[in-house]
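# Inside the fold
So you can see what is in the structure, the chains are spelled out below.
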Amino acid sequence: MESSVSQSAGASSSSRSARRRKAPSQQLNAESQAAAVAETDAALLQHLVVRLGLEPPAFLARGQRGVVFVASYAGGASRDVAVKLARTKKRPRDDAPPDESRAAEREAAWLKRCNGFGVGPALLAVEGSAVAMAFAEGDTIGGALEKATAGDRGALAAALADLLGQCRALDERGIDKKEMGRCARHVVVRDGRCVLLDFERCAESAKPQNVTGVCLLYTSDAADEGLGVDLGGRRI
């Protein structure tokens, strides 16, 4: 989206916005995909495929500590399930190898808790270093904002209001997700609603910063572009 304030100020704002919103590319060539797959526990992935009754999974993305696969239920046509497996090879810049099983259990526990009040993709299973959840297919919030046009304002305002509502629900329960200040790639927009991803860094907090993090990231952009968001009777 381009700012309509002024030509020079708009260009400056747009460049700052693009830098903040742009998510690291998850696109890997075939060789890199094969290397990413080799860093996971193939036997564990196959076990979950059989346990959940899935078709053979496909590589989706590689993160700093995990690799994500997607699959449909047997006989299904849509991609229904995401399986996140820990990378089993320690990265050279890591200070210590992660405890993969504990990390998966931690994410699953937080995801189950947040599912109880409508936040996050539905948890399906956790085993060893793998977590299976409902697959949230759609644009990341950063991608949706970056390619949006003036005609998308209403839908984006609704999506941002939904995101802030979920963040407020987390804040009210004393849960700090610790990703919302850089949520451009940790939130997916699907059917006008936001789905929060990556719960392994959640923590109890007397002063959670979920709403604050999103506001600090996006409020200046909304003001520049004339995009108001209604949250509980107040607008940002």
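## Overview of the pairing of strand β4 (residues 123-127)
As defined by bridge partners, β4 adjoins strand β5 (residues 130-134) across 4 bridges and the pair is classed as antiparallel. Within β5, the position partnered with A125 by the bridge is A132. If you look at the hairpin formed by β4 and β5, you'll find 2 residues sitting between the two strands, and G128 has a positive phi there, around 55 degrees.

## A short note on unusual backbone geometry
In this structure, K178 is a non-glycine residue whose phi angle is positive, near 60 degrees. In this structure, K178 sits in the loop between β7 (175-176) and β8 (187-190). For D198, which is not glycine, the phi dihedral falls at a positive 65 degrees. Assessed through its relative accessible area of 22%, D198 is described here as partly exposed.

## Comments concerning the sheet that holds β8
Taken in spatial order, the 3 strands of this open sheet run β6-β8-β9, and their pairing is antiparallel. Either end of the sheet is taken by a strand with one partner, and the two such strands are β6 (139-140) and β9 (193-196). Where β6 and β8 come together, 2 bridges link them in antiparallel fashion. Bridged to T140 within β8 is V188.

## Quick notes on the pattern of salt bridges
Overall, the coordinates contain 10 salt bridges when judged by the stated rule. E137 is paired through a salt bridge with R79; the nearest N and O atoms lie 2.6 Å apart. A residue pair is termed long-range when its members are at least 10 positions apart, and E137 in the loop between β5 and β6 and R79 in the loop between β2 (66-71) and β3 (81-86) qualify at 58 residues. E137 gets classed as partly exposed once you look at its relative accessible area, which sits at 38%. One connected set of salt bridges, linked through shared partners, spans K84, E107, D198 and E200.

## Concerning the confidence of the model for the protein chain
Residues shown with low pLDDT carry predicted positions that ought not to be read at fine detail. Taken residue by residue, the protein chain gives an average pLDDT of 78. The fraction at 70 or more is 75%. Of the regions scoring below 50 in pLDDT, residues 91-97 engages in 6 contacts with residues more than four places distant in sequence or in other chains. Predicted confidence is poor over residues 220-236, with pLDDT under 50, and the contacts of this stretch with residues over four places away or in other chains come to 40 contacts.

## Comments concerning the side chain of K84
Within the fold, K84 resides in strand β3. According to the relative accessible area criterion, K84 is buried, its value standing at 17%. Polar side-chain contacts of K84 include one of 3.0 Å to the side chain of D198. When sequence neighbours within four positions are dropped, the list of residues in contact with K84 reads V67, V68, E107, S129, A130, V131, D198 and E200.

Criteria and cut-off values
Residues numbered from 1 in each chain as written. Predicted model: local features only at pLDDT ≥ 70, side-chain atom pairs only at ≥ 80, totals over all residues. Heavy atoms only, no water. Pairing = 2+ DSSP bridges. Helix = DSSP H or I, 4+ residues; strand = E, 2+ residues; numbered from the N terminus. Buried < 20%, exposed > 50% of the residue type's maximum accessible area, 1.4 Å probe, protein only. Salt bridge = Lys/Arg side-chain N within 4 Å of Asp/Glu carboxyl O. pLDDT = per-residue confidence, 0-100. Contact = heavy atoms within 4.5 Å. Polar contact = N/O pair within 3.5 Å; in protein donor to acceptor, adjacent residues only side chain to side chain.

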